[in-house]
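Listed below are the residues making up each chain.
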Amino acid sequence: HRMKNYVTGLQHIGIPTNDMTKSLEFYEKLGFENIYQVKNGKETVVFLRYENLTLEIYENGAALGRDGSVDHFALDTKHVEELYLQMKEEGYTMLTPGINSLPFWEKGIKFFIIEGPNKERIEFCEIL
């Protein structure tokens, strides 16, 4: 399948929070390590890792606080622009208008998000 040309595995799972301190205390007590933290506008974003699982916790003041509160999962992607064009052409429901970028990690990221059949959000993210 062509995804093997673009996706190398799970990159992270995105979880919004209304209380970053409480979230960090909880996940660090479970053994997760804070590997990257950044302020993105008004939002604090923290990446936590345990073995091969990475969580992206972001304080956006809009966390639902109920079942189903995981916002998205992200797949580690290469050639994100090519994949975007292919998936758009194939009729996937695109939730981002084109490729987005953020100044995360050393050189930034490029990503887009599609909608799955259950309204789940799937992010394809390339760390530059």
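Relevant structure appears above.
All values reported here derive from a predicted model rather than from experimental measurement.

The rules behind these values
Residues numbered from 1 in each chain as written. Predicted model: local features only at pLDDT ≥ 70, side-chain atom pairs only at ≥ 80, totals over all residues. Heavy atoms only, no water. Phe/Tyr/Trp six-rings, centres within 6.5 Å; stacked < 30°, edge-to-face > 60°. Buried < 20%, exposed > 50% of the residue type's maximum accessible area, 1.4 Å probe, protein only. Helix = DSSP H or I, 4+ residues; strand = E, 2+ residues; numbered from the N terminus. Arc of directions from axis to C-beta. Contact = heavy atoms within 4.5 Å. Polar contact = N/O pair within 3.5 Å; in protein donor to acceptor, adjacent residues only side chain to side chain. Salt bridge = Lys/Arg side-chain N within 4 Å of Asp/Glu carboxyl O.

The full count for this structure, using the stated rule, is 10 aromatic pairs. With a centroid separation of 5.6 Å and 85 degrees between ring planes, the pair formed by Y27 and F32 is classed as edge-to-face. Here Y27 and F32 have matching classes, each one buried. Between the aromatic rings of Y36 and F47, the centroid separation amounts to 6.1 Å while the plane-to-plane angle is 55 degrees, which identifies the pairing as tilted. Here the residue Y36 occupies a position in strand β2 (residues 33-40), and F47 occupies one in strand β3 (residues 43-50), the gap between them amounting to 11 residues. With a relative accessible area of 17%, Y36 lands in the buried category. Through a chain of ring-to-ring contacts, the aromatic side chains of F26, Y27, F32 and Y50 assemble into a single cluster.

Once that is clear, we can look at helix α1 (residues 20-29). For α1, every residue scored as buried is listed here: M20, S23, L24 and Y27. Looking straight down α1, one finds that the buried residues subtend no more than 95 degrees of arc, so they occupy a single side. Opposite the buried face of α1, by more than 90 degrees, sit the exposed residues T21, K22, E25 and K29. Elements in contact with the buried residues of α1: β1 (7-17), β3 and β4 (53-59). With a side-chain oxygen positioned 3.3 Å from the backbone nitrogen of T21, the residue opening α1 is D19. Two residues or fewer past α1, G31 is found with a positive phi of approximately 110 degrees.

Moving on: the pattern of salt bridges. Overall, the coordinates contain three salt bridges when judged by the stated rule. Between D71 and R121 there is a salt bridge; the shortest N-O distance is 3.4 Å. Taken together, the residues span a long stretch of sequence, with D71 in the loop between β4 and β5 (72-77) and R121 in strand β8 (residues 121-127) at a distance of 50 residues. Since its relative accessible area comes to 27%, D71 is described here as partly exposed. In this structure, E115 engages K119 in a salt bridge whose closest nitrogen and oxygen atoms are separated by 3.6 Å.

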